[in-house]
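These are the residues of each chain, in order.
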Amino acid sequence: MKIIVISDTHGAFEKLHQVVTLHKDADMFIHLGDGERELNRLFCELPLLEEKFYCLKGNCDFGLLSNSIRTLNLALPYEHRIFACHGDYFQVKYSTARIIHEARRLQADILLYGHTHVRECHYENGLYIINPGSLGCPRGDLKYSYALLDISEQGILANIAFL
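Being a predicted model, the structure only gives us computed values, none of them experimental.

**Student:** Hey, could you run me through the pairing of strand β1 (residues 2–6) in this one?
**Tutor:** Along any regular strand, the residues point their side chains to alternate faces of the sheet. With respect to burial, β1 is a largely interior element, 4 of its 5 residues being buried. By the bridge criterion, 4 bridges tie β1 to strand β2 (residues 28–31) in an arrangement that is parallel. Within β2, the residue paired with I4 across the bridge is F29. Assessed by its sense of winding, the connection that carries the chain from β1 through helix α1 (residues 13–22) to β2 is right-handed.

Okay, here's the thing in structure tokens:
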């Protein structure tokens, strides 16, 4: 299963469209928030794509009807639980301790979060911790980024990709 994780596009429709076009074979897209306008435009232009998307509400999304926190159970031959959220509720700009604690409490093995615009991808005591960075206004080295998850019977392969 190929999952593309995007966050904090903040109006960067062209970059969002570019990622979707590059990965049209993906099984699922997860947008972690702060991309309401460009997602609406994307779904108007490519309505069939909407069924592949899980969209979360970010602190800059005001009309989006989705939640800001979501748990996804992947019921495949290999079961995994994803805890996904924008991250502002857990104050991730100061520390990831609260969000990691919540992911573990929910027995997730994959944590996806945004809000900081700083990418992160590592494995820690049974938990993949992934922030795809930002396609709209990255921080740090200013590279536009998103995450790729490849989940198979052999395990989970998580990577950060750049535009």
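Moving on, there is more to tell.
**Student:** What is the right way to look at the sheet that holds strand β10 (residues 155–162) in this model?
**Tutor:** Pairing between the strands of a sheet comes from backbone hydrogen bonds, and it takes one of two forms, parallel or antiparallel. Reading across from one edge, β3-β2-β1-β9-β10 is the order of the 5 strands in this open sheet, with mixed pairing throughout. Since the sheet does not close on itself, it has two edges, and those belong to β3 (53–55) and β10, each with one partner. Going from strand to strand, the sheet's axes swing by 20° on average, the running direction of each strand aside. For strand β9 (residues 145–152) and β10, the ladder comprises 8 bridges, and the chain directions are antiparallel. Residue D150 lies in a different strand from β10, and its bridge partner there is L157. Contacts between α1 and the sheet are confined to β1, β2, β3 and β9, with β1 contributing the most and set at about 175° to the helix. Contacting β2 and β3, helix α2 (residues 36–45) runs over the sheet at an angle of about 155° to β3.

**Student:** Looking at this model, I keep getting lost on α2. Mind explaining?
**Tutor:** Within an α-helix, residues lying three or four positions from one another point in the same direction, as the helix has 3.6 residues per turn. Inspection of α2 places E36, E38, L39, L42 and F43 among the buried residues, and these make up the whole buried set. Projected down its long axis, α2 shows its buried positions confined to an angular sector of 165°, all on one face. Opposite the buried face of α2, by more than 90 degrees, sit the exposed residues R37 and C44. Looking at the buried residues of α2, the elements they touch are α1, β2 and β3.

**Student:** How should I be thinking about the pairing of strand β5 (residues 80–85) in this particular structure?
**Tutor:** Of all 6 residues that make up β5, 5 are buried, and the element is covered over most of its length. Where strand β4 (residues 69–74) and β5 come together, 6 bridges link them in antiparallel fashion. The residue of β5 that forms the bridge with L74 is H80. Relative to strand β6 (residues 110–113), β5 runs parallel, the two being bridged by 4 bridges. Across the sheet, the residue bridging to I82 is I110, located in β6. Handedness of the crossover is the feature at issue here: the chain leaves β5, passes through helix α3 (residues 97–105), returns alongside β6, and the resulting connection is right-handed.

Calculation criteria
Residues numbered from 1 in each chain as written. Predicted model: local features only at pLDDT ≥ 70, side-chain atom pairs only at ≥ 80, totals over all residues. Heavy atoms only, no water. Buried < 20%, exposed > 50% of the residue type's maximum accessible area, 1.4 Å probe, protein only. Helix = DSSP H or I, 4+ residues; strand = E, 2+ residues; numbered from the N terminus. Pairing = 2+ DSSP bridges. Right-handed = clockwise from strand over helix to strand, strands pointing away. Axes fitted to C-alpha atoms, helices over the stretch in contact; angles between N-to-C directions. Contact = heavy atoms within 4.5 Å. Arc of directions from axis to C-beta.

Bear in mind that shape data such as this cannot, by itself, settle questions of function.
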